[in-house]
Amino acid sequence: MNGSINASASMGGATIGAARVDLDSVKKWYGPVLAVRGVSLSIEPGEMVCFLGPSGCGKTTTLRMIAGLETPDEGEIRIGGEAVNRLPPWKRNVGMVFQNYALFPHMTVAENIAFGLNMRGTSGSEVRAKVEAAMAQVRLADYGDRRPSQLSGGQRQRIALARAIVTRPNVLLLDEPLAALDKKLREQMQVEIKQLQRAVGITTVFVTHDQEEALTLADRIVVMEEGRIVQIGAPSDVYERPKSRFVSDFIGYTNAVSGKVEAITAGRARVSTASGHAFEVPAGEGISAGDRVDLVIRPEKVVVDPANTDGLMVLDGTLVHTVYTGAVTYSHVDIGAGDVLIAMSPNAHGEAATAPGGRLRIGLRPDTMLMFPSRG
Amino acid sequence: MSSSEALSNSHAPKATSGERALSLYVCLILLFLALPIFIVVPLAFSSDASLSFPPHGFSFRWFVNMVNRQEFLRAAGLSAMLAVVATICSLIVGSLAAVGLVRYHFPGRDTLLMVFMTPLIFPAIVLGAGLALMFSPLGLLRNFWGLLLAHMVVTFPYCLRTSLATLHEVDKALEEAAYTLGANRWRTFRHVTLPLMRPGLLAGATFSLIISFDEFTITMFLAGPGLMTLPLEMYNYTEFSLDPTIAAISTVLLIITSIAIVIIEKLVGLGKQFS
C-alpha cells in the first residue's frame, strides 16, 4: 500500500483514449420524472471532469448515458465526434468502474482484467502481456490467481481500474468509485487515480457526491442539481465564485447571514443585517435595493482576533461553539441577533484561548463575501 | 411469596417436558415420512414369494428377477432418456426465460410468470387428459417426442424457479460491467450470467430429473405399448403379481437418488433452494 501507482509502466503503448466527449441537450425521463433536463457539455480530450451533486441530481444517469447503459430520450452524445446514441455499450469502447467495482466473482483477478481483451479477440500472448502490465501498473502484480473475494477494498478498486483501462478505452467513466472505502484509503486512492489518469492521459468522467473528492481530482467540476447543470468550472472557480447559494452550500461550509439591500452605488451593495451591521459587498446581477439577500463567506476568510486590521471589517461577537479538527479550529461566533459566522483558524500555536461564552473579535473583507437572493 | 416460588418451580420442569414432547412429535413425523420409503429395503431382500412384512428369509432372487425381465430395463432406459433430455431442454428454456423475466420489465410479466408456474399446481390428471387430446391429432400420442414435451411441461417450472432465485442474486452491475468491456448480450449471458447461475441450474436439474423420472399421471395418458416408462411398468407389474421385485427396483432407485442428492448437496447446498 506504500508508494504510488507505477506511472512509468505504460499500458503497452503511447497515450490512449484521449477522445473528446460532447453532450448536446441530453434529456432522460424515468416514467413521469424528468431525471436529466437538457444537459450540454463538452469534455476536452484527456480532461478529467467530475459530476458533483446530491443523490438524485441526475449525475449517475448522465454518466450511464455516456456508457450506453441508459438511452437518452432527447439530445445527442458524441464520443470522439461520433454520435453514439444508437450504439450499445459494447460498441462504445468505454471503460467503467462501478460503485461496488462489479468484479466477476467467478473469475480470478487476471481473468477479470483479461475479459475485455478477450471480448475484443486479442491473441492469447498479447492478453497475457497486457494483463501483466496492467497488474504491475496498479501494483498488484502477484495477485493474478486470486479471487476478487480474497482482496481488500482498495485492492478491488485497483483491479477494477486496471480492468477498465487495459482495453485502451476512449473514455474512462467512474461511478462513485471511492464511496465504499474508508476515509484514509479514499484519500490515498484519490491520489492514485489522479496519477494514473495523468499517466495514461485518458479522458475521464467521474461521479461523486463528495465535494472534497471533486475538488481534489477534477480539472473541471460540473455541479448538478435536479437534472440540470448549475455551474461548470475549475475547482477554484466553483469554490471561490459559486454562481448560486446551492453551489456555495454544496461545496464547502455554509456560512451565511441574511440581510436587506439598502442601496446599490458604483457596483457595491450596502447590506444591513438584523445584528445591526452594514456590509459593503460587490453587487451581483439581478439584485436591486430592497431585496432580501444572504451574504456567504468561506470560514477561512474570517479571521479570529486579527492582529493587523488593515482593510478588515472588524466585528465583535460572542463565541458560541468551537469545533476542533486537529489542524484547524472552527469558531462559531454570534455577531448579534442570532447571526452566526464561522471562522476557521489554523492551530499553529496550540489551541484557541477563548472559551465558549467569551467575547471574540473577528475580521473579514466584505469584498470576499458573496451575495445571493434570500431563499425565503 | 410462597405461591410465586411454587409457580416458578413448576415452570422449569414443565418447559423441559414440553420440549421433550416436541422432540417426540418431530421424531414421529419424520418416522411417518420415512417409514414407507425404508420399508421397501428389507422387503427387497425377502425370500418370500409375496410382499409381506416382516420378511421370513434373505435372498437376492428379486434383484435377479428384475434384471432378467427385459421390460424393466427397457422402461428404465426410456425413463432415463426422457429425464435427461427433458431436463436439458427445460434448463435451456428456463434459464433464458428467467433472464427475460428478471432483467426486463414488460407488460404482462407477472401474468406470464404465473402461467409458467401453473403446471406445479394444476391437477396432473387434467393436464394429462388435455395433452392426450391435443397430441392425438398431431400424431404425438404414444410417441417419444410427445412424452418429452409433456415432461418438459412439468420440469420447466422447477428449472425456471431455481433459475429465477439465483438470477435475483446476480448483481446487475456485473452484466453492465461486461457490456462496457465489449461483451454483447449473448456473450455476457454466456460468460457472466450463466456461470453465476450455476447453483440454481444444478438444483433445477436435480429437481427436474427426479420429477421426470417419477412422473406417472400425465405419462399414463400419453404412453402405450412399446413406450412405457419405469413407473408405469412397475404399476403394470403390480397389477398381476405382488412379489418383492417392485421392492427391489425401489431399492435401486432409492440408492441412486440418495447418491445424487448427496453429490448435489455437496456441490451447491440443496437446502438453500427451499429457503
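Residues numbered from 1 in each chain as written. Chains lettered and ligands numbered in written order. Predicted model: local features only at pLDDT ≥ 70, side-chain atom pairs only at ≥ 80, totals over all residues. Heavy atoms only, no water.

**Things to note about the overall build of chain B**
Counting secondary structure elements, chain B contains 13 helices and 0 strands. When the helices and strands of chain B are placed in sequence order, the string is α-α-α-α-α-α-α-α-α-α-α-α-α. The C-alpha radius of gyration of chain B comes to 25 Å, more than 25% above the 19 Å expected for a compact globule of 275 residues. For chain B, buried positions account for 39% of its 275 residues. Restricting to contacts in chain B with at least 6 residues of sequence separation, those with at least 24 account for 71%. Here chain B contributes 16 positively and 15 negatively charged side chains, and the mean placements of these two sets differ by 8 Å. (Helix = DSSP H or I, 4+ residues; strand = E, 2+ residues; numbered from the N terminus. Rg over C-alpha atoms; globule rule 2.2 N^0.38 Å. Buried < 20%, exposed > 50% of the residue type's maximum accessible area, 1.4 Å probe, protein only. Contact = heavy atoms within 4.5 Å. Lys, Arg positive; Asp, Glu negative; His and termini not counted. Charge placed at Lys NZ, Arg CZ, Asp CG, Glu CD.)

**So, the overall build of chain A**
Scanning chain A from N- to C-terminus turns up 8 helices and 20 strands. Taken along its principal axes, the extent of the C-alpha atoms in chain A is 75 × 50 × 35 Å. Across the 376 residues in chain A, those meeting the buried criterion constitute 49%. For chain A, the proportion of contacts with a sequence separation of at least 24, taken over those separated by at least 6, is 69%. Surface exposure of chain A reaches about 16200 Å², of which carbon and sulfur atoms provide 47%. Taking the average place of the 40 positive charges on the side chains of chain A and the average place of its 41 negative ones, the gap between the two points comes to 4 Å. (Areas by Shrake-Rupley, 256 points an atom, 1.4 Å probe, with all protein chains shown as cover.)

**Observations concerning the interface of chain B and chain A**
Each partner contributes to the interface: chain B provides 17 residues, whereas chain A provides 20 residues. When residues of chain B are sorted by the area they lose upon contact with chain A, Glu176(B), Thr180(B) and Leu181(B) head the list and together hold 38% of the total. In this structure, the connection of chain B to chain A is made through 1 salt bridge. With a shortest N-O distance of 2.6 Å, Arg64(A) and Glu176(B) are connected by a salt bridge. Scanning the region where chain B abuts chain A turns up 5 residue pairs in polar contact (both at pLDDT 80 or more). Listed by contribution, the elements that provide at least two residues to the side of chain B that touches chain A are α8 (172-180) and α9 (185-196) of chain B. When residues of the side of chain B that touches chain A are assigned to their parent elements, the largest contribution, 7 residues, is made by α8(B). Residue classes in the side of chain B that touches chain A are distributed as 10 nonpolar, 4 polar and 3 charged. (Buried area = accessible area lost by both parts, 1.4 Å probe. Salt bridge = Lys/Arg side-chain N within 4 Å of Asp/Glu carboxyl O. Polar contact = N/O pair within 3.5 Å; in protein donor to acceptor, adjacent residues only side chain to side chain. Nonpolar A, V, L, I, M, F, W, Y, C, P; charged D, E, K, R; others polar.)

**Remarks on the packing of aromatic side chains**
For the structure shown, the criterion picks out 14 aromatic pairs over all chains. Ring centres 5.2 Å apart and planes at 55 degrees place the aromatic pair Trp90(A) and Tyr179(B) in the tilted group. Taken together, the residues span two chains, with Trp90(A) in the loop between β5 (82-83) and β6 (94-97) and Tyr179(B) in helix α8. The exposure class assigned to Tyr179(B) is buried, which follows from its relative accessible area of 15%. With 5.7 Å between their ring centres and 80 degrees between their planes, Phe45(B) and Phe60(B) make a pair best called edge-to-face. (Phe/Tyr/Trp six-rings, centres within 6.5 Å; stacked < 30°, edge-to-face > 60°.)

**Focus on the side chain of Thr219(B)**
With respect to the helices and strands, Thr219(B) occurs in helix α11 (residues 217-222). Among the polar contacts listed, one links the side chain of Thr219(B) to the side chain of Glu215(B), at a separation of 2.6 Å.

**Regarding the environment of Ile255(B)**
Secondary-structure assignment places Ile255(B) in helix α13 (residues 245-268). C-alpha separation for the pair Ile255(B) and Leu120(B), spaced 135 residues apart in sequence, amounts to 26 Å.

**Re the state of the cysteines**
In a disulfide, the sulfur atoms of two cysteines are held together by a covalent bond. All names here are of chain B. Considering all chains together, one arrives at 0 disulfides over all chains under this definition. Its sulfur unpaired, Cys159 is 10 Å from the next cysteine sulfur, which belongs to Cys89. With relative accessibility at 0%, the residue Cys159 sits in the buried group. (Disulfide = S-S within 2.5 Å.)

**Description of the sheet that holds strand β17 (residues 328-334) of chain A**
Residue and element names in this part refer to chain A. With respect to topology, 5 strands assemble into an open sheet ordered β15-β19-β16-β17-β18, the strand pairing being antiparallel. What marks the edges here is a single partner per strand, and that holds for β15 (303-304) and β18 (340-346). In this structure, strand β16 (residues 313-324) lies alongside strand β19 (residues 359-364), joined through 6 bridges in antiparallel fashion. Along β19, the bridge assignment pairs Leu315 with Ile362. (Pairing = 2+ DSSP bridges.)

**Focus on a nonpolar patch on the surface**
All names here are of chain B. Residues Val84, Ile88, Ile92, Val93, Leu96, Trp186, Leu209, Ile210 and Ile261 make up a contiguous nonpolar surface patch of roughly 780 Å² in combined accessible area. Counting residues per element, the ones that place at least two in the nonpolar patch are α4 (70-103) and α10 (198-214). The element contributing the most residues to the nonpolar patch is α4, with 5 residues. Position of Ile92 relative to the elements: it lies in helix α4. (Patch = residues over 30% accessible without salt bridge, like charges linked within 9 Å, V, L, I, M, F, W, Y side chains within 5 Å.)

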